[in-house]
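Read off the chains here:
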Amino acid sequence: MSLETISEQVCFGGRQGFYRHASAETKTPMRFAVFTPPQAAKGPVPVVWFLAGLTCTEENFTVKAGAQRAAAELGLMLVAPDTSPRGEGVPGDPDNAYDFGLGAGFYLDATQSPWAANYRMYSYITLELPGVIAAHFPADMQRQGISGHSMGGHGALTIALKNPQQYSSVTAFAPIVAPSQVPWGQKALGRYLGEDRAAWRAYDSVALIEDGRGVPKMLIDQGDADKFLKDQLQPERLATACKAKGIECQLRMQPGYDHSYYFIASFIDDHLRWHAAALLA
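Cut-offs and rules
- Residues numbered from 1 in each chain as written.
- Predicted model: local features only at pLDDT ≥ 70, side-chain atom pairs only at ≥ 80, totals over all residues.
- Heavy atoms only, no water.
- Salt bridge = Lys/Arg side-chain N within 4 Å of Asp/Glu carboxyl O.
- Helix = DSSP H or I, 4+ residues; strand = E, 2+ residues; numbered from the N terminus.
- Buried < 20%, exposed > 50% of the residue type's maximum accessible area, 1.4 Å probe, protein only.
- Phe/Tyr/Trp six-rings, centres within 6.5 Å; stacked < 30°, edge-to-face > 60°.
- Lys NZ or Arg CZ within 6 Å of the ring centre and 35° of its normal.
- Lys, Arg positive; Asp, Glu negative; His and termini not counted.
- Polar contact = N/O pair within 3.5 Å; in protein donor to acceptor, adjacent residues only side chain to side chain.
- Contact = heavy atoms within 4.5 Å.
- Core = buried A, V, L, I, M, F, W, Y, C linked by side-chain atoms within 4.5 Å.
- Pairing = 2+ DSSP bridges.
- Right-handed = clockwise from strand over helix to strand, strands pointing away.
- Axes fitted to C-alpha atoms, helices over the stretch in contact; angles between N-to-C directions.
- Expected span 1.5 Å × (residues − 1).

1. So, the pattern of salt bridges
If you walk through the whole model with that rule in mind, you get 16 salt bridges. We note a salt bridge from Lys187 to Asp93, for which the minimum N-O separation is 3.1 Å. With Lys187 in helix H5 (residues 183-193) and Asp93 in the loop between strand E5 (77-81) and helix H3 (121-136), this pair connects stretches of sequence that are 94 residues apart. The class for Lys187 is partly exposed, based on a relative accessible area of 22%. The closest approach of N and O atoms between Glu210 and Arg201, which form a salt bridge, is 3.2 Å. Each of Asp93, Asp99, Lys187 and Arg191 takes part in salt bridges that share partners, so that together they form one network.

Encoded structure:
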C-alpha cells in the first residue's frame, strides 16, 4: 500500500499534506489531503472526513475552508478526498457537463457501463482510503466523523446513515438530501445506477431514513441565499424525514449565505466542535 507525498507544510503546529496512491477500487491514481494536528505527536487522533461537492478536488476544502486552526486546537485529523476518479480512459459526461462524471462521483458505486469500472467512490471512501489512512497516518480509526458540502453533504449523510458503526458524528453544509427528487441527483443516479429507482434509495438520505436507517443526530447548515436551495437541495425534506423517525436534525438556515466556501468557512468551526464533542467524549 504505497503512498506518494506530493507536498507537506507545517500548519498551526501540525502538518498539511497532499498525497497520491494507486486505487484498487477506482483503478486510477487518487489524490487526497490530510491535516495532521500537533496532538498526533503523542498518539493517534480522531479523524474527520470532509467530502467536497461538484467540480471540486481535494484542494477546495483544504485551501478555502480555513479548518486547520480549529482542527489543531481540538486535535482532529482532517481527510479530504477527491470527488471522482480521474485520468486517461476514465469516462466523463458525454456532453462535458459539470454535474456528472469527472468531479462528480456522487459517492456511490456505479453499476452501469461505462462508469462501473472506475466510479466506485462509496467503496473507496468507506473501505479503501480508510485503510490507507490507518497504514500511513497516526489516526484513531475507532473515532471517525464525516462531513461534506453539497454533493459531498449528500455523500456524508448517506455514508453515515449506512455505516453508523464506523462514523460517530455527521454534519453537512447545503447537502443534496433527496437526490431521487432533484435534477442533479436524477441525472447522476439514473446514469450511474440505471433506471430502476429502487436502487437509487441506497444513495438517497431521505429514502434511507424512511427505510429505517438512522443516526442519533446531525447538524446541517444551509444558506437561505443559496441559488440551488429550492430546486436542488430542499433540506426541509430531510428535516421532515428525521422528525418522523425521531432523529435529532439541527437544521440551521443561515440568513444571507450562499453556496460558496465563504459560507463553509463561516461555520466550519461549529462543525468541528460538533464532531469533537462526539469523538473526544
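2. Quick notes on the packing of aromatic side chains
Per the stated rule, a full pass over the model turns up 15 aromatic pairs. With 4.9 Å between their ring centres and 85 degrees between their planes, Phe100 and Trp115 make a pair best called edge-to-face. With Phe100 in the loop between E5 and H3 and Trp115 in the loop between E5 and H3, this residue pair connects regions lying 15 residues apart in the sequence. In this structure, Phe100 and Trp115 share a single accessibility class: buried. Across from the ring centre of Phe100, 5.1 Å away, lies the NZ or CZ of Arg191, which sits over that ring.

3. Considering the side chain of Asp226
Note on placement: Asp226 falls in the loop between strand E8 (217-223) and helix H8 (229-233). No salt bridge is formed by the buried Asp226. Its closest oppositely charged neighbour is Lys227, at 7.8 Å. Side chain to side chain, Asp226 and Gln222 meet in a polar contact 3.2 Å long. Not counting chain neighbours up to four residues away, the residues in contact with Asp226 comprise Ala174, Leu233, Tyr257, Asp258 and His259.

4. Notes on the nonpolar core
Among the nonpolar cores identified, the biggest contains 92 residues, and Ile133, Tyr192, Met218 and Leu272 are the most heavily contacted of them. Broken down by element, this core gets its largest block of residues, 8 residues, from helix H10 (residues 261-279). If near-sequence neighbours (up to four positions away) are discounted, Ile133 is found in contact with Phe32, Val34, Trp49, Met77, Val79, Ala139 and Met141.

5. Re the pairing of strand E7 (residues 169-173)
Of all 5 residues in E7, 5 are buried; the element is thus mostly enclosed. Along E7, one buried face is formed by Ser169, Thr171 and Phe173 and the opposite face, lined by Val170 and Ala172, is buried too. Sheet analysis places strand E6 (residues 139-148) next to E7, joined by 2 bridges and oriented parallel. Paired with Gly145 across the strands is Ser169, a residue of E7. For the crossover from E6 across helix H4 (residues 151-162) to E7, the handedness is right-handed.

6. Some thoughts on the sheet that holds strand E2 (residues 14-22)
In space, the 9 strands of this open sheet follow the order E1-E2-E3-E5-E4-E6-E7-E8-E9, with mixed pairing throughout. The strands lining the two open edges of the sheet, one partner per strand, are strand E1 (4-11) and strand E9 (248-254). With strand direction ignored, the average angle separating the axes of adjacent strands in the sheet is 20 degrees. Alignment of strand E4 (residues 45-51) against E6, held across 6 bridges, turns out to be parallel. Residue Val47 lies in a different strand from E6, and its bridge partner there is Gln144. Of the strands in this sheet, E2, strand E3 (29-36), E4, E5 and E6 touch H3, which is tilted by about 55 degrees from E3. Against the sheet, helix H9 (residues 235-245) engages E8 and E9, with an angle of about 155 degrees to E9.

7. Things to note about H4
Taking 1.5 Å per residue, 12 residues should reach 16 Å; H4 reaches 17 Å between its end C-alpha atoms and fits that length. Most of H4 sits out of view: 12 of its 12 residues are buried. Those residues of H4 lying buried are Met151, Gly152, Gly153, His154, Gly155, Ala156, Leu157, Thr158, Ile159, Ala160, Leu161 and Lys162.

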